Amino acid sequence: MAVGGILLTGFEPFGGDGINPSLEVARALDGMRIEDTLVQAECLPCVFDEAGRRLESLLIERRPALVLCLGLAGGRAAVTVERVAINVDDARIPDNAGRKPEDAPIVPDGPAAYFSTLPVKAIVQALRGVGIPAAVSDSAGTFVCNHVFYALMNHLSRFLPESHGGFIHLPYLPEQVTDRPETPSMALTMQADAIRLALGVAWRTGGKG
């Protein structure tokens, strides 16, 4: 099967929240087209190994040319484009299956880290250019987001080297912080615009930039 198409993933809610902006954004963009290329959105479970397996099955089935995984980084004020995934699971809180790994490798004997193959700085520049707060991040954490990011780049490196992908963290939605007015948030419409623009930049540059 030829490589093609765009895969966009978000996570189910976790940590007691009833909503996850990554999933809401993915749903909002599902079925749209980036330069005549279909975006297909999927929900990943917020469970360490299960999320990685689900993503891998999607990659095997669809062989997308571009993959962007989204996650929530509560407390961040900007859309943050992740630069590097590290080979460790170390959970501060349990995942949705109650698992709380500590200092565990994602892929035993795998590389210590993978870099995103998205045009990280070009995406940030493009978002800032239209007034959307954005930044490069050098840490995707050690929770399920980083697990998925590492699993993605490991699979692309081994089986789909002509494809490119990466991870972007999103802030809280305003409705998630109504009782925490000091906590940063961003409207869903702005988050969706940011990811639509990020996908366009990544698609046009072929993962370089």
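Above this note sits the structure.
So, here is what we can say about the structure in this document. (Residues numbered from 1 in each chain as written. Predicted model: local features only at pLDDT ≥ 70, side-chain atom pairs only at ≥ 80, totals over all residues. Heavy atoms only, no water.)

## With respect to the overall build of the protein
Rules: Strands here mean DSSP runs of E at least two residues long; helices mean DSSP runs of H or I at least four residues long; both are numbered from the N terminus. Radius of gyration: C-alpha atoms only; globule rule: 2.2 Å multiplied by the number of residues to the exponent 0.38. When checking whether two residues touch, look at their non-hydrogen atoms; a contact exists if any pair is within 4.5 Å. Computed by Shrake-Rupley with a 1.4 Å probe, the accessible areas treat only the displayed protein chains as cover when residues are assessed. Counted charges follow a simple rule, with Lys and Arg positive, Asp and Glu negative, and His plus the chain ends left uncounted. Taken as the charge location is NZ of Lys, CZ of Arg, CG of Asp or CD of Glu.
When you go through the protein residue by residue, the secondary structure sums to five helices and nine strands. Rg of the C-alpha trace for the protein: 16 Å, near the compact-globule value of 17 Å for 209 residues, within the 12% margin. Projecting the C-alpha coordinates of the protein onto the three principal axes gives extents of approximately 50 × 40 × 25 Å. Counting contacts in the protein only where the partners sit at least 6 residues apart, residues at least 24 apart contribute 77% of the total. When the accessible surface of the protein is summed, it comes to about 9100 Å², and 50% of that surface belongs to carbon and sulfur atoms. One way to put it: in the protein the 18 positive side-chain charges average out to a point 5 Å from where the 24 negative ones average out.

## Side note on the pattern of salt bridges
Here is the rule: A pairing counts as a salt bridge when a side-chain nitrogen of Lys or Arg comes within 4 Å of a carboxyl oxygen of Asp or Glu.
On inspection of all chains with the given rule, the structure shows ten salt bridges. The shortest N-O distance in the salt bridge between R62 and E42 comes to 2.4 Å. Residue R62 is found in helix α2 (residues 48-62), and its partner E42 is found in strand β3 (residues 37-44); the two are separated by 20 residues along the sequence. For the salt bridge of E102 with K100, the shortest nitrogen-to-oxygen distance reads 3.9 Å.

## Here we look at the layout of surface pockets
Rule in force here: Note on definitions: the grid is 1 Å and covers protein atoms alone; a cavity is a set of points where a 1.4 Å probe fits but cannot get out; a pocket is an open set with protein on both sides within 12 Å along at least five of seven lines; lining residues have an atom within 4 Å of a point. Grid points are joined across faces, edges and corners, and a volume is the space filled by probe spheres set on the points. In this classification, Asp, Glu, Lys and Arg are treated as charged, Ala, Val, Leu, Ile, Met, Phe, Trp, Tyr, Cys and Pro as nonpolar, and every other residue, Gly included, as polar.
Estimated volume of the largest pocket: approximately 460 Å³. Contributing to the lining of the largest pocket are 20 residues, with F14, L72, G74, R92 and F143 lying nearest its centre. Among the residues forming the lining of the largest pocket, the class breakdown is nine nonpolar, six polar and five charged. The volume enclosed by the second largest pocket comes to roughly 190 Å³. Around the second largest pocket, the lining residues are D49, G52, R53, E56, I106, V107, H147, A151, N154, H155, R158 and F159. Mapped by element, the contributors of at least two residues to the lining of the second largest pocket are α2 and α4 (144-159).

## As for the state of the cysteines
As a reminder, the rule being used: Note that a disulfide, as used here, is simply two cysteine sulfur atoms within 2.5 Å. Burial classification: accessible surface area is computed with a 1.4 Å probe over protein chains only, and a residue below 20% of its type maximum counts as buried, one above 50% as exposed, and the rest as partly exposed.
All told, the structure shown has zero disulfides when counted by the stated rule. Cysteine C46 is unpaired, with the sulfur of C145 as its nearest cysteine sulfur at 6.9 Å. Left without a disulfide partner, C69 is nearest to the cysteine sulfur of C145, which lies 9.4 Å away. Its relative accessible area of 1% is what places C69 among the buried residues.

## Concerning the sheet that holds strand β5 (residues 79-82)
What counts, and what does not: Any two strands with at least two DSSP bridges between them are considered paired. Axes, fitted as lines to C-alpha atoms, cover a helix only where it is in contact. Angles between the N-to-C directions of the axes lie from 0 to 180 degrees.
Taken in spatial order, the seven strands of this open sheet run β2-β3-β1-β4-β9-β5-β8, and their pairing is mixed. The open sheet is flanked by β2 (33-34) and β8 (134-137), the only strands paired with a single partner. Of the strands in this sheet, β1 (6-11), β3, β4 (66-72) and β9 (164-170) touch helix α1 (residues 21-29), which is tilted by about 145° from β1. Helix-sheet contacts for helix α3 (residues 120-129) involve β5 and β8, and the interaxial angle to β8 is about 160°.

## Section: the environment of D138
Keep this limit in mind: Nitrogen and oxygen atoms within 3.5 Å of one another constitute a polar contact, given that in protein one can donate a hydrogen and the other can accept it, and given that sequence-neighbouring residues count only through two side-chain atoms.
Tracing the chain through its elements places D138 in the loop between β8 and α4. Expressed as a C-alpha distance, the spacing of D138 and L29, which sit 109 residues apart in the sequence, is 26 Å. Reaching out from D138, the side chain makes a polar contact with the side chain of R83 at a distance of 2.6 Å.

## What to know about the packing of aromatic side chains
Selection rule: Note on aromatic contacts: the rings of Phe and Tyr and the six-membered ring of Trp form a pair at centre separations within 6.5 Å, being stacked when their planes are under 30 degrees apart, edge-to-face when over 60 apart, and tilted otherwise. Whether a charge sits over a ring comes down to the Lys NZ or Arg CZ being within 6 Å of the ring centre and within 35 degrees of the ring normal.
Enumeration over the complete set of coordinates arrives at four aromatic pairs. Pairing F48 with F143 gives two aromatic rings, centres 5.4 Å apart and planes at 85°, and the pair type is edge-to-face. You can see F48 sitting in helix α2 and its partner F143 sitting in the loop between β8 and α4, a full 95 residues away along the chain. Summarising the burial analysis for this pair, F48 and F143 share the class buried. Ring-pair connections join several aromatic residues into one group, and the members of that group are F14, F48 and F143. Across the ring face of Y172, the terminal group of R180 is positioned such that the distance to the ring centre comes to 4.8 Å.

## Topic: the packing of α1 against helix α5 (residues 188-205)
When two helices pack together, their arrangement is captured by the angle between the axes and the distance separating the axes. Spelled out, the test is: A clockwise turn of the near helix away from the far one marks a right-handed crossing, whereas an anticlockwise turn of less than a right angle marks a left-handed crossing.
The geometry of α1 relative to α5 is characterised by a closest axis approach of 9 Å and an angle of 65° between their N-to-C directions. The chirality of how α1 crosses α5 is right-handed. In this structure, α1 uses P21, E24, V25, A28 and L29 to contact α5, whose residues at the interface are L188, Q191, A192, I195, R196 and L199. Grouping the amino acids of the contact of α1 with α5 by side-chain chemistry returns eight nonpolar, one polar and two charged.

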